[in-house]
Amino acid sequence: VPTYRHASFASATENNRRYFLQMLRGLQQEGIQSIHILTHSLGVQTLMNAFENQPDGSVSEVSACFRPAPAFTDTAASVGEVGQLVCRTMTMLNPDFPVQAFRERGFKSISSVCRCITVVGDKNDQALWWSGVINGACNTMNYDPPSVLDSEARRQESGFIFQQPIGRDIESLYADEQSSEDDVISFQ
């Protein structure tokens, strides 16, 4: 249990963000412009940390490597502006990332650089179930999660709350008819 929480913190470090940025700049230097990003489980936390917007709302240094997201069908936008990358697709497999944090700000930060975001999950994934239990217990004991995993909704809760990872609760990304526009994640 302690090793999982440690791995979660390690995935969302400034070092990982810096190494991800270094990798992207290396791709740019080699002339690569169009990329596809694929991540799995806890790796989604590293990805979301790298793309997390700054506290003032400006884009992260990683996001600044990319030109604004072209429409998925926009073939004319096959090449980015000089020196900028184009993220064609972003695929998250069984993402171990809290639904609330994704809805509040995570989706906004990645959708600015990629319009084709695919989330694949499994409602029976036992590792994600244990992640929800461990994170819920740690949050109950006032062990704050890394900032990228935190949400206003979590801070307002009290007692033990099972933390819903996206990979086990994909339907939570959809909104019902009574939801306001602020609650809706746009799917195309």
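See the structure printed just above.
This report concerns the structure included in the present document. (Residues numbered from 1 in each chain as written. Predicted model: local features only at pLDDT ≥ 70, side-chain atom pairs only at ≥ 80, totals over all residues. Heavy atoms only, no water.)

**Quick word on the packing of helix 2 (residues 14-29) against helix 3 (residues 43-51)**
- As a packed pair, helix 2 and helix 3 sit with axes 9 Å apart at the nearest point and diverge in direction by 80 degrees. What the angle tells us is that helix 2 and helix 3 run roughly perpendicular. Contacts between helix 2 and helix 3 pair Asn16, Arg17 and Phe20 from the former with Thr46, Leu47, Asn49, Ala50 and Phe51 from the latter.
- A breakdown of the residues in the contact of helix 2 with helix 3 according to their chemical character gives 4 nonpolar, 3 polar and 1 charged. (Axes fitted to C-alpha atoms, helices over the stretch in contact; angles between N-to-C directions. Helix = DSSP H or I, 4+ residues; strand = E, 2+ residues; numbered from the N terminus. Parallel < 35°, antiparallel > 145°, perpendicular 65-115°, else oblique. Contact = heavy atoms within 4.5 Å. Nonpolar A, V, L, I, M, F, W, Y, C, P; charged D, E, K, R; others polar.)

**Observations regarding the environment of proline 165**
- When you line up the elements, proline 165 lands in the segment after helix 6 (152-156).
- For the pair proline 165 and proline 95, spaced 70 residues apart in sequence, the C-alpha to C-alpha distance is 6.8 Å.
- Excluding residues that lie within four positions of it along the chain, proline 165 makes contacts with Pro95, Asp96, Phe97, Val99, Leu128 and Gly132.

**What about helix 4 (residues 99-111)?**
- With 13 residues, helix 4 should cover 18 Å at 1.5 Å per step; its first-to-last C-alpha distance of 16 Å lies more than 12% under that length.
- Within helix 4 the residues assigned to the buried category are Val99, Ala101, Phe102, Gly106, Phe107, Ser109 and Ile110.
- Residues of helix 4 that are buried in the fold lie against helix 3, strand 2 (86-93) and strand 3 (117-120). (Expected span 1.5 Å × (residues − 1). Buried < 20%, exposed > 50% of the residue type's maximum accessible area, 1.4 Å probe, protein only.)

**Let's talk about the side chain of aspartate 169**
- You can see aspartate 169 is positioned in the segment after helix 6.
- Here aspartate 169 occupies a buried position and makes no salt bridge, while the nearest side chain of opposite charge, lysine 123, is found at 4.6 Å.
- Of note is the side chain of aspartate 169, whose polar atom sits 2.6 Å from the side chain of glutamine 164.
- Residue contacts for aspartate 169: discarding those within four places in its chain leaves Val99 and Gln164. (Lys, Arg positive; Asp, Glu negative; His and termini not counted. Salt bridge = Lys/Arg side-chain N within 4 Å of Asp/Glu carboxyl O. Polar contact = N/O pair within 3.5 Å; in protein donor to acceptor, adjacent residues only side chain to side chain.)

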